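# Chain and residue survey
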Amino acid sequence: MSEEIVNKVAQSGLIEFNLEDYYPKGERILLDIKDRLFQGLILKEKDFREFVKGEDWSRYAGKYVSIICSADAVVPTWAYMLLSSALSPFAKKVVFGSLETLETVLFSEVLSTIPKEPFRDGRVVIKGCSNLPVPVSAYVEITRLLRPIARSIMYGEPCSTVPIYKKEKE
């Protein structure tokens, strides 16, 4: 006599949400202008404008670009604006800040478009382990977005979760 194996996780009614499914595909580039500074200290407008004019920005086509200056220098705001203007016709997205900032912006944009209704009054598990570099900010954002509508939010895997939020009974 054999007993049927029952998958209790599948029958639990949990809704699994995997942030990897929303990972924006595409190459990420960090454009650091520190090498464009005169003596590593200041930005000369004429030289910088010549660099921007002479650069082949098409090589950034279809890529996600974050622009920074990693040197301890005062860089005028217009310099970043000039770079954004040159990159925008080619890059998928241009942001000011680190690659982590870029990931935060990308996830914030994509998560703001997900339909919320399928999660209404649901028991949602935000999948914890990922093979892609999903930033912590994405976990924070999806929690913020789902908290007003979900019955509960958990983190981890359906077989082993950490409770994050549970709606109080009315």
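Anything mentioned here points back to the structure above.
Here's a quick rundown of the structure. (Residues numbered from 1 in each chain as written. Predicted model: local features only at pLDDT ≥ 70, side-chain atom pairs only at ≥ 80, totals over all residues. Heavy atoms only, no water.)

### A look at the overall build of the protein chain
The secondary structure content of the protein chain amounts to 4 helices and 7 strands. For the protein chain, the α and β elements follow one another from N to C terminus as β-β-α-β-α-β-α-β-α-β-β. Radius of gyration (C-alpha) of the protein chain: 22 Å, far over the 15 Å computed for a compact globule of 170 residues. In terms of overall dimensions, the protein chain has a C-alpha envelope of 80 × 40 × 25 Å along the principal axes. Counting across all 170 residues of the protein chain, residues that qualify as buried make up 37%. Nonlocal contacts in the protein chain, meaning residues at least 24 apart in sequence, comprise 77% of its contacts between residues at least 6 apart. Once the 23 positive and 23 negative side-chain charges of the protein chain are each reduced to a mean point, those two points are 3 Å apart. (Helix = DSSP H or I, 4+ residues; strand = E, 2+ residues; numbered from the N terminus. Rg over C-alpha atoms; globule rule 2.2 N^0.38 Å. Buried < 20%, exposed > 50% of the residue type's maximum accessible area, 1.4 Å probe, protein only. Contact = heavy atoms within 4.5 Å. Lys, Arg positive; Asp, Glu negative; His and termini not counted. Charge placed at Lys NZ, Arg CZ, Asp CG, Glu CD.)

### Focus on the side chain of Arg28
Within the element layout of this structure, Arg28 appears in strand 2 (residues 28-32). Within the structure, the side chain of Arg28 is placed 2.7 Å from the backbone oxygen of Pro24, a separation counted as a polar contact. Within the structure, the side chain of Arg28 is placed 2.6 Å from the backbone oxygen of Gly26, a separation counted as a polar contact. Excluding anything up to four places from it in sequence, Arg28 contacts Tyr23, Tyr64, Leu99, Leu102, Glu103 and Leu106. (Polar contact = N/O pair within 3.5 Å; in protein donor to acceptor, adjacent residues only side chain to side chain.)

### Some words on helix 3 (residues 99-111)
With 13 residues, helix 3 should cover 18 Å at 1.5 Å per step; its first-to-last C-alpha distance of 18 Å lies within 8% of that length. Residues Leu102, Glu103, Leu106, Phe107 and Leu111 constitute the buried set of helix 3. Seen end-on, helix 3 carries its buried residues on one side only, within an arc spanning 150°. Where helix 3 is buried, its residues touch strand 1 (14-17), strand 2, strand 3 (64-68), strand 4 (93-96) and helix 4 (136-146). (Expected span 1.5 Å × (residues − 1). Arc of directions from axis to C-beta.)

### Concerning the sheet that holds strand 2
Spatially, 3 strands are ordered 2-3-4 in an open sheet, and the strand pairing comes out parallel. Each edge of the open sheet carries a strand with a single partner, namely strand 2 and strand 4. Each neighbouring strand pair of the sheet contributes to a mean axis angle of 20°, computed without reference to strand direction. Sheet analysis places strand 2 next to strand 3, joined by 5 bridges and oriented parallel. Paired with Leu30 across the bridge in strand 3 is Ser66. Helix 2 (residues 77-87) rests against strand 2, strand 3 and strand 4 of the sheet, and its axis sits at about 165° to strand 3. Contacts between helix 3 and the sheet are confined to strand 2, strand 3 and strand 4, with strand 4 contributing the most and set at about 125° to the helix. (Pairing = 2+ DSSP bridges. Axes fitted to C-alpha atoms, helices over the stretch in contact; angles between N-to-C directions.)

Coordinates in, geometry out; function isn't part of it.
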